Amino acid sequence: MILSIIVPVYNVEGYLQKCIKSLFEQDINTNSYEVVAVNDGSTDDSLKVLEDLKAIYPSLKIITQENQGLSGARNTGFNNADGDYILCVDSDDYILKNTLKKITNIAIANDLDILEFGADGVTENGTLVYSGKSTTHHKVLTGEQYLHDIRYMGSACNKLYSKTFLNKHQLRFMRGVYIEDIEFNTRAVFKAEKVMAIDDTIAHFLQREGSITRTNNLAKTKKMIYDIHTVLSSIDNFNESEIGKQSVAYIPMKKRVCGLVTTMLLRVLKGIDDYSIKQDIFSKLKAQNLYPIPYKTEDVNKDKFRLFANQNLLFSAVCRLYCLKNKN
């Protein structure tokens, strides 16, 4: 079997049909790949939708488990995958028609550990929000060189992963945190011996209102803040202990960490009603030598915010005003 497509499912009854249908409207033989839907304790009719879809697509595999979150569902899928390569697809996203043959052929022909492809972010009515793509111009790079040369997407859903490679390095997702893809891919890409990127757009990522990256819920925002800190701390520790200052990937990883710091501090500024959170985050960052934010991020908007955030007194004063506003 060439490919396993892992689809975590949790309370997405309205999106599943489009997602699963897209995985079978492909140009490779259905006997050469599998779709593994992991029902992660859904409380809506997601499981019924999956069962109805299985009547149409008999090769659809359904695994049901108690809720373990997105990471836990993906890890379950990895552990039950039979394909040589693994593709993650979130259940509200979809793969473009007749695209799987090309990416699997490229991965196999080059014996890749990881293949990255293009993906567009779209609204529910199909409006383009962003387009993310990179290219190595048909070259195969080591993971270390890839981290240095390529501004790759943090997502796990625009990459093919070799199952043998994942199992060899015991690569699984960090449990219980948001943005786990970024942490996972830092480790995965660095450990890879053969990585390639193509700029063909293969996937559409749905940009839903009310998703965690767009939420106005204070409790979710606070969790996101601390989860970003958990992830950036893990990446920074990995950079220091595994990548090392002698590596060409060291500075690019520092810049990525600083990009996450700016993202987190923007949420600290605008999204909290408790000033002690700001104080706690700043204390942690200073202890890690990550505040003042030491490296430019190579993102113009983030670097502008970085200059502001590094003005501690000014940032603190504005943060207090936002806390008062959010309380009211």
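What counts and what doesn't
Residues numbered from 1 in each chain as written. Predicted model: local features only at pLDDT ≥ 70, side-chain atom pairs only at ≥ 80, totals over all residues. Heavy atoms only, no water. 1 Å grid on protein atoms, 1.4 Å probe; cavity = no way out; pocket = protein on both sides within 12 Å on 5 of 7 lines; lining within 4 Å. Points joined across faces, edges and corners; volume = space filled by probe spheres on them. Helix = DSSP H or I, 4+ residues; strand = E, 2+ residues; numbered from the N terminus. Axes fitted to C-alpha atoms, helices over the stretch in contact; angles between N-to-C directions. Parallel < 35°, antiparallel > 145°, perpendicular 65-115°, else oblique. Left-handed = near helix turned anticlockwise from the far one by under 90°. Polar contact = N/O pair within 3.5 Å; in protein donor to acceptor, adjacent residues only side chain to side chain. Contact = heavy atoms within 4.5 Å. Core = buried A, V, L, I, M, F, W, Y, C linked by side-chain atoms within 4.5 Å. Buried < 20%, exposed > 50% of the residue type's maximum accessible area, 1.4 Å probe, protein only.

One way to see where empty space is left: roll a probe the size of a water molecule over the atoms. Summed over all chains, the structure comprises one cavity of 30 Å³ or more. Of the voids in this model, the largest cavity is the one considered here, and its volume is about 50 Å³. For the lining of the largest cavity, the secondary-structure elements that each account for two or more residues are helix 7 (180–191) and helix 9 (250–271).

One can describe the packing of helix 8 (residues 218–243) onto helix 9 by two numbers: an axis separation of 10 Å at closest approach and a directional angle of 165°. As the angle between them shows, helix 8 and helix 9 are arranged roughly antiparallel. Every pair of crossing elements has a handedness; the one defined by helix 8 and helix 9 is left-handed.

Before going further, it helps to examine the side chain of T104. In this fold, T104 is placed in helix 4 (residues 100–109). A distance of 3.1 Å separates the side chain of T104 from the backbone oxygen of K101, its partner in a polar contact. With near-sequence residues (within four places) excluded, T104 lies in contact with I2, L3, I28 and L160.

Among the nonpolar cores identified, the biggest contains 100 residues, and I5, I20 and L265 are the most heavily contacted of them. Here this core takes nine residues from helix 9, the largest share from any one element. If near-sequence neighbours (up to four positions away) are discounted, I20 is found in contact with V7, V35, L53, Y57 and L60.

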